[in-house]
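Notes for the structure review
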Amino acid sequence: MKSRAPAIAALMPLLLGGCQYQRYQSDFGRGAVEDTQFLTLFTIFLVVCGIMYLLVIGFLFAGILHRRRLDANVVETRRHHQSHPLMRSTLIGWAALIGVGLFALAVASFVTDRSMAAAAANDKLSVTVTGNQWWWDIVYNSGDPSKTLHTANELHLPLGVPTRILLNSNDVIHSFWVPSLGGKQDLIPGRQNDITIVPKRTGIFRGQCAEFCGAQHAHMALVVVVDSYPDFIKWWDHQLQPAAAPATPLALAGYKYVTTGPCSSCHNIGGTPAGGQVAPDLTHLASRKSIAAGTLPMSEGNLYGWVEDPQSLKAGVHMPTIGLEPDQLHAVVAYLETLK
Ligand SMILES: [Cu+2]
């Protein structure tokens, strides 16, 4: 008989890849302490409610069968209903079971709630995330202003560190939701909400605005990267650096256009004259994994497409289609690619 080992070995990358993908955006991702707590609470509710449901259905069918047998003799049915002791004890048992089930759910819910509140009280890092149509502004808060970091659309979190994420909105209601890392919280204009996450698995996770916020709501995704603590500090230190100086004549031409032309009135690029504050910070744009809040993967081709005609890729986005000449487009993309 032929061994199945080679076939299973051949399937392993597919299976492992599937697991990896599942964690990317999944309520079963178990990427953070909060996600695991939610999942445990969900499992307890599912089991208790499932048992209750099966019991109700079981009693229903038992009642129907019992009734059919008794209907053969109406007199017997009446006598039975008046005096059957099993009926009374069954009802008392059922009421007690409902009480115990509801009490168990209340205790489980309370314990989960307290445990999440404890993590929020011990936060070690504070990040402010502001929702905009249709992108995420991200500021890493620090007591030292030279360490305050401004970025966009890609959130890095350190493994095992309780991080409080302060949530604001500049326009309409959005919702911060990274399924693999825990719950969901609204971003409301004029009000600050917060959510605390303690990541327990390194990796890349996808978040998505979960409150309909306009035509491009579906293109308001958030890439969340959980790094080991040393990698996170390395990333933070690198992101604090000003933009790299252009090294080629083409990139230099792009630098001049981007930092003094129309782009600079909306975008900020650290260490350059571009100081706009109403669009995503571009200082380290090319180090990110996506363009336009998860609309496209980061690549040279996608940068060309996005810069040339953002309206065809994300209709209604505030970035206008400027109509660059081909040489301007080559130069702008060459410069943006240096912003690692
Ligand atoms: Cu939305």
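Since the structure is predicted, the reported quantities are computational estimates derived from the model, not experimental observations.

**Side note on the overall build of the protein chain**
- On a plain count of helices and strands, the protein chain comes out with nine helices and twelve strands.
- Relative to all contacts within the protein chain whose residues are 6 or more apart in sequence, the contacts with residues 24 or more apart total 63%.
- Accessible surface, the protein chain: about 18500 Å² in total, of which carbon and sulfur atoms supply 64%.

**Some details on the pairing of strand β8 (residues 193-197)**
- Taken across its five residues, β8 has four buried, putting it largely inside the fold.
- Taken together, the five bridges between strand β5 (residues 163-169) and β8 define a ladder with antiparallel strand orientation. Paired with I165 across the bridge in β8 is I195.

**Concerning helix α4 (residues 85-121)**
- Under the 1.5 Å per step criterion, the end-to-end length of α4 is 54 Å for 37 residues, consistent within 8% with the ideal 54 Å.
- Every buried residue of α4 is accounted for by G101, L105, A108, T112, A119 and A120.

**Digging into the state of the cysteines**
- Under the defined criterion, the tally for this structure stands at zero disulfides.
- Cysteine C263 remains unbridged, with the sulfur of C266 as its closest cysteine sulfur at 8.6 Å.
- What makes C263 buried here is its relative accessible area of 19%.

**Observations concerning the side chain of T130**
- Residue placement: T130 occurs in strand β1 (residues 125-132).
- Residue classification places T130 among the buried positions, given a relative accessible area of 10%.
- Those residues in contact with T130 that sit more than four places away from it in its chain are W135, W136, D137, N168, S169, N170 and L187.

**What about the confidence of the model for the protein chain?**
- Summarising the model, the protein chain shows a mean pLDDT of 88, and 89% of its residues fall at 70 or more.
- Scored below 50 in pLDDT, residues 12-22 shows one contact in the model against residues more than four places distant or in partner chains.

**Regarding the sheet that holds strand β9 (residues 203-208)**
- Taken together, the three strands give an open sheet; going across it, the order is β4-β10-β9, and neighbouring strands pair in mixed fashion. The open sheet has two edge strands, β4 (154-158) and β9, and neither has a second partner. For this sheet the average axis-to-axis angle between neighbouring strands, irrespective of direction, equals 25 degrees.
- Helix α5 (residues 229-240) contacts β4 and β10 (221-227) of the sheet and is inclined by roughly 135 degrees relative to β4.

**Structural notes on the coordination of the copper ion**
- Bound to the copper ion are the protein donor atoms C209 (SG), E211 (O), C213 (SG) and H217 (ND1), situated 2.0 to 2.5 Å from the metal.
- Geometry at the copper ion is tetrahedral, judged from its four donor atoms and the angles of 86 to 124 degrees they form at the metal.
- Sequence spacing of the donors to the copper ion: C-x1-E-x1-C-x3-H.
- In this structure H217 comes out as buried when scored by relative accessible area, which is 16%.

**With respect to the packing of aromatic side chains**
- Using the criterion set out here, one finds eight aromatic pairs in the structure.
- With a centroid separation of 5.6 Å and an interplanar angle of 75 degrees, the aromatic rings of F232 and W236 are classed as edge-to-face. In this pair, F232 and W236 are both assigned in helix α5, four residues apart and thus about one turn of the helix distant. Taken individually, F232 and W236 each receive the classification buried, so the pair is uniform in this respect.
- Following the ring pairs from residue to residue traces out a cluster consisting of Y140, F232, W235 and W236.
- The residue whose ring lies beneath K184 is W177, and the NZ or CZ to ring-centre distance is 4.7 Å.

**Remarks on the sheet that holds β5**
- In space, the five strands of this open sheet follow the order β3-β2-β1-β5-β8, with mixed pairing throughout. Of all strands in the sheet, those bounded by a partner on one side alone are β3 (149-152) and β8. The average undirected angle you get between the axes of adjacent strands in this sheet is 25 degrees.
- When β1 meets strand β2 (residues 135-140), the two strands line up antiparallel, connected through six bridges. Following the sheet pairing, T130 is matched in β2 by D137.

Cut-offs applied
Residues numbered from 1 in each chain as written. Predicted model: local features only at pLDDT ≥ 70, side-chain atom pairs only at ≥ 80, totals over all residues. Heavy atoms only, no water. Helix = DSSP H or I, 4+ residues; strand = E, 2+ residues; numbered from the N terminus. Contact = heavy atoms within 4.5 Å. Areas by Shrake-Rupley, 256 points an atom, 1.4 Å probe, with all protein chains shown as cover. Buried < 20%, exposed > 50% of the residue type's maximum accessible area, 1.4 Å probe, protein only. Pairing = 2+ DSSP bridges. Expected span 1.5 Å × (residues − 1). Disulfide = S-S within 2.5 Å. pLDDT = per-residue confidence, 0-100. Axes fitted to C-alpha atoms, helices over the stretch in contact; angles between N-to-C directions. Donors = N, O, S within 2.8 Å, 3.2 Å for Na, K, Ca; no water. Tetrahedral: all angles 85-135°; square planar, octahedral: opposite > 155°, others 65-115°. Phe/Tyr/Trp six-rings, centres within 6.5 Å; stacked < 30°, edge-to-face > 60°. Lys NZ or Arg CZ within 6 Å of the ring centre and 35° of its normal.

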